[in-house]
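Spelled out from the first residue to the last, the chains are:
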Protein chains: 2
Amino acid sequence: MKCCILGGGGFIGTNIAQRLVADGVHVRIFGRPSPYADAVSGAVHYQGEFADIPALQAAVDGCDLVYHLIGSTNPVTAENDKLFDLRDNVENSLHLLDMGARGAFGRLVFLSSGGTIYGIQQNMPIAEDAPQWPISSYGVTKLALERYLNLYGHLQGLDYRIARLSNPFGEFQVTRKGQGVIATILRCALTGDTFRIVGDGSVTRDYIYIGDAVDALVMLGHYRGGERVFNVASGRGHSIMDLVGLVESLSNRPITRQHLPSRAIDVPVNILDITRIQRELGWTPQTPMAEALNRAYRWMGEIIARPAFMPV
Amino acid sequence: MKCCILGGGGFIGTNIAQRLVADGVHVRIFGRPSPYADAVSGAVHYQGEFADIPALQAAVDGCDLVYHLIGSTNPVTAENDKLFDLRDNVENSLHLLDMGARGAFGRLVFLSSGGTIYGIQQNMPIAEDAPQWPISSYGVTKLALERYLNLYGHLQGLDYRIARLSNPFGEFQVTRKGQGVIATILRCALTGDTFRIVGDGSVTRDYIYIGDAVDALVMLGHYRGGERVFNVASGRGHSIMDLVGLVESLSNRPITRQHLPSRAIDVPVNILDITRIQRELGWTPQTPMAEALNRAYRWMGEIIARPAFMPV
């Protein structure tokens, strides 16, 4: 089996690649140079920009499975330049879908955003069929791309699955681009840096250990049932203050906090319903929060101890 | 009161403009040169392309109300060039939303597509909260724009309302761009041209007389309640074969038919639930189908009788 991971050099992609390589899959990683290339030496690296159509074509050509993890924005940068977000993520993805429609590759698994696509909801946990009115540009472009996938599926037979991932954390997550609240808390616990909390710390999210998320994403590559869209999440909510407390217990060190103003793009609560993926894939998250945090803490500790460590 | 109608030179815009001018509103029409400019001589015409930001700004500046009717594609052309559809309709609209967020104008009423945005549904009629998985690129870009409106409303206080219009027909509708099945049937009845039916004629749609649609769109400009999204429709379905029969009865002439292959982008049935707009606006469609068809038929007859008539 051949698999290509688009944007595979980052946190999530590196974890998927490690697993697939260990499973004997022929893995290609497409994207920008990866800081973790050594960790997946068994994969073939295709360097290229998403907008470089021939480079993209060469990477996906002949693959049984493509993971689309490329995203050039995060909820903050997308908001600051909505046009760039739309062009760089949606327009470029249409080229990829065209390749899929022409038979360049088999299945496409798209990483959507369970944390932003549903916007503000009254009822928790949130199932896949809940109304979707995102309150961030990041969520709007993810939503648009989901709909294009469905369109290509309907009109041209594209074989796709959508993973609405909640907030993954664990090995290979560093605190860059303003994302990764757990990685940031872990770093603060290890370095003594002040943890800057956006808002009062009550914002509640669904966090999932990356090892469990990878299990689900690998299973989605093989799933033969008829569902297309899946929440991939823990089904449990933790406030930021909860997380700070858990990391303090784990590290046995107090974390200095500073509160920043809250942001309008943050929904107050987001906990996802995982009934569908449990039923259809027989998957369920396996790693208890304390154990997952401990693994992430140990990994972060090793990284920080390296002389070359540079948080970006 | 000042009002600007973007894309106001076409079928729907001309009808809105006529009504507003008659109501004493100061009306600006922005867009390409209109074949119906004489019919709305009381309005001020601002000629310009949607992508021309300074021209757009000049047109909307200081208006209490803006109708966004501009669409450079239809379901067929959008499908043939999805990138153009996305750029020309969504990207350009983001500039308009930025202007609204900066306070250039008051309320924005956006014309969405009740016929394409819901995709394939099991239950009729379709209410506003039904899942939205369009099976046409045209529907996907309308959906994306709706979500951007909601985003600007949430983050920047943009005052917007969304009209998910079904299939309007009546005065000023000609058979261009492959849209307007009723106008096409009326023309065939008048000229003896063969009516080319896409598929077997069973495709069922919700048709609304333009005069009734204009009532709703004008009321949406003033509505003070909290709902943002409204189906604007008759709530009734007619198959294409139904329509052919109705026009044959009306004109007392047989219409020659030719069947073309059906299209994958056409949903089989689309009838909209109008409970929300009836409740919130006190609006309900007033014109019986036979009466509406008769008015459209008389208008089309006069147009065709003119020496300069050129169906485009």
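Residues numbered from 1 in each chain as written. Chains lettered and ligands numbered in written order. Predicted model: local features only at pLDDT ≥ 70, side-chain atom pairs only at ≥ 80, totals over all residues. Heavy atoms only, no water.

Bringing the sheet that holds strand β11 (residues 237-239) of chain A into the picture now. All names here are of chain A. Spatial ordering of the open sheet is given by β7-β9-β11, a layout of 3 strands whose pairing is mixed. Each having just a single partner strand, β7 (167-169) and β11 make up the two edges of the open sheet. Along the sheet, successive strands turn relative to each other by an average axial angle of 55 degrees, direction set aside. Where strand β9 (residues 204-209) lies against β11, 3 bridges are found, and the strand directions are antiparallel. Looking across to β11, one finds that Asp206 is bridged to Gly237. (Pairing = 2+ DSSP bridges. Helix = DSSP H or I, 4+ residues; strand = E, 2+ residues; numbered from the N terminus. Axes fitted to C-alpha atoms, helices over the stretch in contact; angles between N-to-C directions.)

Both copies of the chain are related through a single rotation about an axis accompanied by a shift along the same axis. The two copies are related by a screw motion: chain B maps onto chain A through a turn of 180 degrees and a shift of 0.0 Å along the axis, at an RMSD of 0.0 Å. Between the two chains, the operation in question is that of a two-fold axis. Across chain B, the rotation axis passes nearest the C-alpha of B:Ala144, at a separation of 2.9 Å. Mapped onto chain A, 100% of the interface residues of chain B are again interface residues, and the two copies thus contact each other with one and the same surface. (Least-squares fit on C-alpha atoms with pLDDT ≥ 70 in both. Contact = heavy atoms within 4.5 Å.)

Let's shift gears to unusual backbone geometry. Residue and element names in this part refer to chain A. Of note, the bond from Met124 into Pro125 is cis; its omega dihedral lies within 30 degrees of zero at -10 degrees. Looking at where Pro125 falls in the secondary structure, it is placed in the loop between β5 (107-113) and α5 (137-156). Look at Asn252: it is not a glycine, yet its phi comes out positive at around 60 degrees. Looking at where Asn252 falls in the secondary structure, it is placed in the loop between α8 (240-251) and β12 (257-260). The class for Asn252 is exposed, based on a relative accessible area of 69%. (Buried < 20%, exposed > 50% of the residue type's maximum accessible area, 1.4 Å probe, protein only.)

The next thing to look at is the interface of chain B and chain A. Contacts between the two partners involve 34 residues from chain B, matched on the other side by 34 residues from chain A. Taken together, the two surfaces of chain B and chain A that pack against each other cover about 2900 Å², and 69% of this comes from carbon and sulfur. Broken down residue by residue, the surface that chain B buries against chain A is led by B:Glu91, B:Trp133 and B:Arg147, which jointly contribute 23%. At the junction of chain B and chain A, the tally comes to 2 salt bridges. At the junction of chain B with chain A, the criterion picks out 8 residue pairs in polar contact (both at pLDDT 80 or more). Secondary-structure elements contributing two or more residues to the side of chain B that touches chain A are α4 (82-101), α5 (137-156) and β6 (160-165) of chain B. It is α5(B) that contributes the most residues to the side of chain B that touches chain A, 14 residues altogether. Considered class by class, the residues forming the side of chain B that touches chain A number 19 nonpolar, 8 polar and 7 charged. (Buried area = accessible area lost by both parts, 1.4 Å probe. Salt bridge = Lys/Arg side-chain N within 4 Å of Asp/Glu carboxyl O. Polar contact = N/O pair within 3.5 Å; in protein donor to acceptor, adjacent residues only side chain to side chain. Nonpolar A, V, L, I, M, F, W, Y, C, P; charged D, E, K, R; others polar.)

A few words now on empty space enclosed by the protein. If you walk through the whole model with that rule in mind, you get 3 cavities of 30 Å³ or more. In this structure, the largest cavity occupies an estimated 110 Å³ of space. Taken together, 13 residues make up the lining of the largest cavity; nearest its centre are A:Ala130, A:Pro131, A:Gln132, B:Pro131 and B:Gln132. Partitioning the lining of the largest cavity into residue classes produces 6 nonpolar, 2 polar and 5 charged. Approximately 80 Å³ is the volume attributed to the second largest cavity. (1 Å grid on protein atoms, 1.4 Å probe; cavity = no way out; pocket = protein on both sides within 12 Å on 5 of 7 lines; lining within 4 Å. Points joined across faces, edges and corners; volume = space filled by probe spheres on them.)

With that settled, consider the confidence of the model for chain A. Averaged over all residues, the pLDDT of chain A equals 94, while 97% of them reach at least 70. Across the interface, the model reports ipTM at 0.93; the global pTM reads 0.94. (pLDDT = per-residue confidence, 0-100.)

Between side chains of opposite charge, a pair can form when the charged atoms approach closely. Per the counting criterion, the structure on display carries 34 salt bridges over all chains. Between A:Arg279 and A:Glu227 there is a salt bridge, with its nearest N and O atoms 3.9 Å apart. Of this pair, A:Arg279 sits in helix α9 (residues 275-281) while A:Glu227 is found in the loop between α7 (210-220) and β10 (229-232), placing the two residues 52 residues apart along the sequence. For A:Arg279, a relative accessible area of 52% puts it in the exposed group. Its relative accessible area of 25% is what places A:Glu227 among the partly exposed residues. Here B:Arg276 and B:Asp129 are joined by a salt bridge, their closest N and O atoms 3.7 Å apart. You can see B:Arg276 sitting in helix α9 (residues 275-281) and its partner B:Asp129 sitting in the loop between β5 (107-113) and α5, a full 147 residues away along the chain. Taking the relative accessible area as the measure of exposure, B:Asp129 reaches 57% and is therefore exposed. Counted as one network, the salt bridges with shared partners bring together A:Glu128, A:Asp129, A:Glu227, A:Arg276, A:Arg279 and A:Glu280.

It is worth spelling out the packing of aromatic side chains at this point. Overall, the coordinates contain 10 aromatic pairs over all chains when judged by the stated rule. An angle of 55 degrees between the planes, with centres 5.5 Å apart, marks the rings of A:Phe172 and A:Trp299 as tilted. Residue A:Phe172 is found in the loop between β7 and α6 (181-191), and its partner A:Trp299 is found in helix α10 (residues 289-305); the two are separated by 127 residues along the sequence. Using a relative accessible area of 12% as the deciding quantity, one classes A:Trp299 as buried. Through pairs of rings, three or more aromatic residues link up here, namely A:Tyr36, A:Phe172 and A:Trp299. Its guanidinium or amino end placed over the ring of B:Tyr152, A:Lys82 lies 4.8 Å from that ring's centre, counting from NZ or CZ. A cation over a ring is seen here: B:Arg147 above A:Trp133, with NZ or CZ 3.7 Å from the ring centre. (Phe/Tyr/Trp six-rings, centres within 6.5 Å; stacked < 30°, edge-to-face > 60°. Lys NZ or Arg CZ within 6 Å of the ring centre and 35° of its normal.)

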